[in-house]
Amino acid sequence: MNFDHPPPPREPLPVTSAQILDGKALANRLQDELKQEVYEWTQQTGQRPGLAVILVGSEPASTVYVRNKRKAAHAVGIADQLIELPAEITQAELVAHVDRLNADPQVHGILVQLPLPRHIDGELVLRRIRPEKDADGFHPMNMGLLALGTPKLVPCTPLGVRELLIRESIPTKGKTAVVMGRSNIVGKPMALLLMAKGPGGDATVTIAHTSSVDLPGICREADILVVAAGQPEIVKGSWIKPGAVVIDVGIHRLADGSLCGDVDFAEASQVASAITPVPGGVGPLTIAMLLRNTFEAARAIVHSAR
Ligand code: NAD
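Everything quoted here is computed from the prediction, not taken from an experiment. (Residues numbered from 1 in each chain as written. Predicted model: local features only at pLDDT ≥ 70, side-chain atom pairs only at ≥ 80, totals over all residues. Heavy atoms only, no water.)

### Side note on the overall build of the chain
Looking only at helices and strands, the chain features 10 helices and 11 strands. Over its C-alpha atoms the chain spans a radius of gyration of 19 Å, differing by no more than 12% from the 19 Å that the globule rule assigns to 306 residues. For the chain, the spread of C-alpha atoms along the three principal axes comes to 50 × 40 × 35 Å. Here the contacts in the chain between residues at least 6 apart in sequence split such that 72% fall between residues at least 24 apart. Put simply, the chain shows about 14,400 Å² of open surface, and 55% of that area lies on carbon and sulfur atoms. Of the side chains in the chain, 30 bear a positive and 32 a negative charge, and the two mean positions are spaced by 5 Å. (Helix = DSSP H or I, 4+ residues; strand = E, 2+ residues; numbered from the N terminus. Rg over C-alpha atoms; globule rule 2.2 N^0.38 Å. Contact = heavy atoms within 4.5 Å. Areas by Shrake-Rupley, 256 points an atom, 1.4 Å probe, with all protein chains shown as cover. Lys, Arg positive; Asp, Glu negative; His and termini not counted. Charge placed at Lys NZ, Arg CZ, Asp CG, Glu CD.)

Next up, the structure:
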């Protein structure tokens, strides 16, 4: 998907009965809070949290994502560096860059922008990142800790959704949550967070996927419906329980250049009690959580070295 050009002016959102969950505004608040925390920590320790971003090739969407992440890091006082590598880089050369960053004491968070070129084994590269520096939370160690209920660094998109649920005071305890999608970066960790004990968790969780039968029926059970299927506007208003909270993780560019999510917003917003828009919903929270993870990694690494 190409996000290089800003979307054309959008039609005003349709009249809606649902509360719009403004992820952009929340992300701005979270980044302001983090900026203050980073400032105080830097004053106390003399250290700056450091994020290193590896970008392989020049895929336009990845280039824009990386630019946005670096800009946000800079704005909160995180030192960021970009390692731009050619698409033809070998696996061994890429791994050598990861190893160098693993050993660099100025670097506390490492992010390898996905997707990687086809000749690279992405799993192997992600597993090479030291778990303590795994800003995206994709390392098997971090996924395992999350599954065991003792999370350290958690994948940013589901972490952002949980933060939104907590900050918007959306009750999750004892609620029925349905997560559509079972990917390792969104669906699976999202389900683990929703079922975890504590704020934003304690829900009864169902995961729906491509082999699920009667998707509309499964979705209609949900008090909280998180959609991360990667299918434009697949979830219709008739799939939603009246009053449900709908979180739309998907993002797609349509032929006319506008953006949409996995949920048919016009229909869903007539039925839901609250809903995230696309754009301006989950996306900005993902970046805010990447910065939070980098800061948490820096604190843990510096603290353990003392
Ligand atoms: P993915 O393609 O890896 O996974 C999609 C999942 O949805 C799969 O597990 C599949 O089983 C399931 N699925 C696909 N079609 C389905 C269907 N018809 N019915 C039921 N289940 C179905 O995608 P992903 O990486 O998890 O991302 C999902 C969406 O979220 C994409 O649109 C992606 O662009 C978006 N995304 C947004 C952010 C953000 O920050 N806003 C971050 C990550 C991903």
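### Description of unusual backbone geometry
For the bond running from L114 to P115, omega is 0 degrees, close enough to zero to count as cis. With an omega of 0 degrees, the peptide bond between V278 and P279 qualifies as cis. At S169, a position not held by glycine, the phi torsion is positive, near 55 degrees. Although it is not a glycine, D202 sits at a positive phi angle of roughly 60 degrees. With respect to the helices and strands, the residue D202 is situated in the loop between α7 (187–195) and β6 (204–208).

### Here's the deal with the sheet that holds β6
Sheet architecture is open: 6 strands sit in the order β1-β11-β8-β7-β5-β6, paired in parallel fashion. What marks the edges here is a single partner per strand, and that holds for β1 (19–20) and β6. For strand β8 (residues 245–248) and strand β11 (residues 274–275), the ladder comprises 2 bridges, and the chain directions are parallel. Looking across to β11, one finds that V245 is bridged to A274. Running at roughly 170 degrees to strand β5 (residues 176–180), α7 makes contact with β5, β6 and β7 (224–227) of the sheet. (Pairing = 2+ DSSP bridges. Axes fitted to C-alpha atoms, helices over the stretch in contact; angles between N-to-C directions.)

### Looking at the pattern of salt bridges
Scanning the model with the defined rule gives 12 salt bridges in all. A salt bridge links D80 to R70; the shortest N-O distance between them is 2.6 Å. Residue D80 is located in strand β3 (residues 79–85), and its partner R70 is located in helix α2 (residues 60–76); the two are separated by 10 residues in the primary sequence. Overall, the relative accessible area of 28% leaves R70 in the partly exposed class. (Salt bridge = Lys/Arg side-chain N within 4 Å of Asp/Glu carboxyl O. Buried < 20%, exposed > 50% of the residue type's maximum accessible area, 1.4 Å probe, protein only.)

### Description of the site of the ligand
Neighbouring the ligand are 21 residues, the closest being R182, S183, L215, V249 and T286. Between the ligand and V249, the relevant distance is 3.5 Å, taken from an oxygen atom to a main-chain nitrogen or oxygen of the residue. With respect to the ligand, the backbone of I251 contributes an N or O atom lying 3.3 Å from an oxygen atom. Burial of the ligand by the surrounding chains reaches 73%, relative to a free accessible area of 860 Å². (Near = heavy atom within 4 Å. Polar contact = N/O pair within 3.5 Å; in protein donor to acceptor, adjacent residues only side chain to side chain.)

### With respect to the pairing of strand β2 (residues 50–56)
Most of β2 sits out of view: 7 of its 7 residues are buried. Strand direction decides the pairing type here: β2 and β3, joined by 7 bridges, are parallel. Note that in β3 the partner of A52 across the bridge is Q81. On the question of chirality, the crossover connecting β2 to the parallel β3 by way of α2 is right-handed. Pairing of β2 with strand β4 (residues 109–112), which is carried by 4 bridges, proceeds in the parallel orientation. Among the inter-strand pairings, I54 is bridged to a residue of β4, identified as V112. (Right-handed = clockwise from strand over helix to strand, strands pointing away.)

### Side note on the side chain of H252
Mapped onto the elements, H252 comes out in strand β9 (residues 252–253). For H252, a relative accessible area of 10% puts it in the buried group.

### Topic: the nonpolar core
In this structure, L51, L194, V226 and I247 are the most contacted members of the largest nonpolar core, which totals 50 residues. With 10 residues, helix α10 (residues 282–304) is the single largest residue contributor to this core. Summarising the domain contributions, this core has at least three residues from each of domain 1 (47–133) and domain 2 (155–284). For L194, the residues in contact, after removing those within four places along its chain, are L165, A177, V179, G200, G201, D202, A203, V205 and V226. Counting residues in hydrophobic clusters, the runner-up holds 19 residues, among them A18, A222, V235 and W239. (Core = buried A, V, L, I, M, F, W, Y, C linked by side-chain atoms within 4.5 Å. Domains from an automatic or database assignment.)

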